[in-house]
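# Coordinate analysis (summary)
Spelled out, the chains give:
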Amino acid sequence: MLKLSNDRLTAVFDEQGRLCSLWKAGCPENVLAAPARESFSLVFKRGEDWENAAFGNDQTYRTVAEPGKLTFQCDRLQTKRGEAEVTVRLTVELTDDTLHFSGEIENRDDVLITDFTYPILGEVASLGGDKPPALLWPFQCGTRINHIGAYLRDRNGSDPFHPGQSRRSRSISTTYPGGEGGSMQWMALTDDATTLSFSGRDPLCYASVLQVEEGTGEAPAAVLQLTRLPFVQPGETWASPPVLVSLYTGNWRRAAREYRTWADTWRPQHVRPRWIEEMQGYFLVILKQQFGDEMWNYREIPKLYALARAHGFDALGLFGWYASGHDNQYPDLQESESMGGRAALETSLEQVRAQGGHATLYHQGHLMDVTSEFYREHGAECESVSRWGTPYYEAYNKAHTSRFLSHFTNKQFSTACPSSPRWQELMEEKARWIASFGPNGVLFDQIGGMYPYPCFHPDHPHALGKPSLSMSQGRVRLMDRIQKQTKALDPEFAFMTEHVTDVYSAYADCLHGINLYPSSPQELQAAAAGDRPVQINYPQLFRYCFPETPVTLRNSRPYISQRAVNFCFLFGLKFEMEIRYAADREDLLRDAWPVQRVYAQAVSGLRKR
């Protein structure tokens, strides 16, 4: 056994680099019920076989112990299918109450290393107190899962964030950045008196997976791990960005502050439009639906703003304002003659501005309709390409009452690679085109999140030549261009997008939130009691790290409930409600929810004061 120890933390490792014991000063109880199965795992492609797996417990190690530092090195990898000339170095350093895990992969073989999982933190059943730990999980603005070990054990082998997908073990996972809601590269276990923080430090934001597995022992426990997709080429030596594991007395906010301090070293700041900072609520209206229903025309936009003000909202989000209708024919959008034509749209937007209001126009920033003219001519140049050489497809169906539409008419889209120069130029051009109608901003949908698809397009300038940086660093460049383009047009012209992440939110003026709604009173009461497994929305996680980021509540109802209003007030969120279908229009026009409307208006007034 090898030990790292100081006056704040003690960590004991075996000869394979597995963490076997971990305890903090003043509490000699080992928080690990059992070590992980292996210290690391790695997957590589050889020939046509993409899944050659090497596991840490099958390797032979050389160990080097230095003051405050341990290194575990295997000179070549052993797999079930033979050896690979790949050296893996695992390094652990102790500073104060924090372990710094880092790795290095030296690829001397004719293989492509796709996956690297390290560190894998063994089974945590308790942090030394009487209460089982809760998991703080970076799912959009945040989720808290009490009694995480028992929660995982009760999941019957399924992943709650991937319904219907079986797992070899009970687990939850999220893909960072943005995929499946992955908003930050850190998580924590806490019993509120003690916190165990597990925090990535990757400024390039490689496509990666945070995962929590159920332990295999008698006591319910959680195993924390991080997988990065490095795509290490033959002849390349790749250094894995560090992961910091801290065990300390106190709540999770210390870990959050440390994460924010680190994020400030690479996350840029910009000045947001004043109206975004002061915005009370985002009144989202789909003028024309995917299936062709024109529910509003351009001349009714001032009426929509009056209805928004009656709810305490001060900004319109106009979706489906184009001739093809919402989620149709992207990126080939054009103004609708049947809804009134360009002149009527410009006049109505001017009337909203004259009343002190604001409006944004929608544009898709991620999807290309496979039936669009642009896709037929340029899609192959712009799209993200999978390892099969085919596009990544997504399907969206906006049917409301028709069973035919809902079951048989999924609209197919190919996903654009944000590293594509033509796509970046097109989005800048679209920002200028949107601005020409006279709105106060543009919402480019989905580019604030979504899956970090590794792109294998041979002609795209992916950062470092890595498929796993095509999305994150491509988005950074794309969104930086849009942010600068919008402010060159007018410092008060806003750039909004959807989803919540630490990296992409740095480039947008406001986020159209997702999966952000108050948990039920019963769930909140159970969470407060702390006597059983329960999952609740926990927006304080992201809001504490990045409180200056404007985020709207994701509320698909044609009204906003009192609880949702209070939720927004408490966490500094922007109100939101959505008018998407004919039934929503009818409810809005007949004032079907007057109590909710008056309450929202009153709280909006309070916030302004």
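For the structure itself, consult the block above.
Given the structure is predicted, the values throughout are model-derived calculations rather than measurements.

## Points about the side chain of asparagine 107
Along the chain, asparagine 107 falls in strand β12 (residues 98-107). Polar contacts involving the side chain of asparagine 107 include one to the main-chain amide nitrogen of aspartate 109, which spans 3.1 Å. Each residue touching asparagine 107, except ones within four places of it in the same chain, is listed here: Glu85, Val86, Ile113, Val232, Gln233, Pro234, Gly235 and Glu236.

## Considering the sheet that holds strand β2 (residues 9-13)
With antiparallel pairing, the three strands of this open sheet are ordered in space as β1-β2-β3. The outermost strands of the open sheet, each flanked by one partner alone, are β1 (2-5) and β3 (19-24). Strand-to-strand twist in this sheet, taken as the mean axis angle between neighbours without regard to direction, amounts to 10°. Note that β2 and β3 share five bridges and pair antiparallel. Paired with valine 12 across the strands is serine 21, a residue of β3.

## Focus on the pairing of strand β7 (residues 62-66)
Alignment of β7 against strand β8 (residues 69-74), held across five bridges, turns out to be antiparallel. When the sheet's bridge partners are listed, threonine 63 is paired in β8 with phenylalanine 72. Hairpin geometry of β7 and β8 is characterised by an intervening segment of two residues between the two adjacent antiparallel strands and by a positive phi of about 75° at glycine 68.

## What about the nonpolar core?
Residues Trp186, Phe283, Leu287, Leu316, Trp321 and Trp423 are the most contacted members of the largest nonpolar core, which totals 111 residues. Residue contacts for leucine 316: discarding those within four places in its chain leaves Tyr282, Phe283, Ile301, Leu304, Tyr305, Ala308, Val352, His358, Ala359 and Thr360. Counting 59 residues, the second-largest nonpolar core is a separate cluster that includes Leu4, Leu9, Phe72 and Ala84.

## A short note on the pattern of salt bridges
Counted under the stated rule, the structure contains 40 salt bridges. A salt bridge links glutamate 278 to arginine 274; its shortest N-O distance comes to 2.9 Å. One end of the pair, glutamate 278, and the other, arginine 274, are both in helix α3 (residues 274-278), four residues apart, so they sit about a helical turn from each other. By relative accessible area, arginine 274 is classed as exposed at 58%. Between lysine 288 and glutamate 294 there is a salt bridge, with the nearest N and O atoms lying 3.6 Å from each other. Under the relative-accessibility criterion, glutamate 294 is labelled partly exposed at 32%. What emerges from the salt-bridge pattern is a single network uniting Arg76, Glu83, Glu85, Arg89, Glu104, Glu106 and Arg108.

## Description of helix α14 (residues 594-608)
One turn of an α-helix holds 3.6 residues; hence residues three or four places apart share an orientation. An ideal rise of 1.5 Å per residue puts 21 Å on 15 residues; α14 measures up with 21 Å between its terminal C-alpha atoms. Turning to α14, its buried residues number three or more, namely Gln596, Arg597, Ala600, Val603 and Ser604. Projected onto a plane normal to the axis of α14, the buried residues spread over an arc of 135° and lie on a single side. Summarising the contacts, the buried residues of α14 are in contact with α4 (301-310), α12 (562-571) and β34 (575-579).

## What to know about the environment of aspartate 531
Note that aspartate 531 resides in the loop between α10 (521-529) and β33 (534-537). Not counting residues within four places of it along the chain, the set of residues in contact with aspartate 531 comprises His147 and Ala526.

Rules behind the numbers
- Residues numbered from 1 in each chain as written.
- Predicted model: local features only at pLDDT ≥ 70, side-chain atom pairs only at ≥ 80, totals over all residues.
- Heavy atoms only, no water.
- Helix = DSSP H or I, 4+ residues; strand = E, 2+ residues; numbered from the N terminus.
- Polar contact = N/O pair within 3.5 Å; in protein donor to acceptor, adjacent residues only side chain to side chain.
- Contact = heavy atoms within 4.5 Å.
- Pairing = 2+ DSSP bridges.
- Axes fitted to C-alpha atoms, helices over the stretch in contact; angles between N-to-C directions.
- Core = buried A, V, L, I, M, F, W, Y, C linked by side-chain atoms within 4.5 Å.
- Buried < 20%, exposed > 50% of the residue type's maximum accessible area, 1.4 Å probe, protein only.
- Salt bridge = Lys/Arg side-chain N within 4 Å of Asp/Glu carboxyl O.
- Expected span 1.5 Å × (residues − 1).
- Arc of directions from axis to C-beta.

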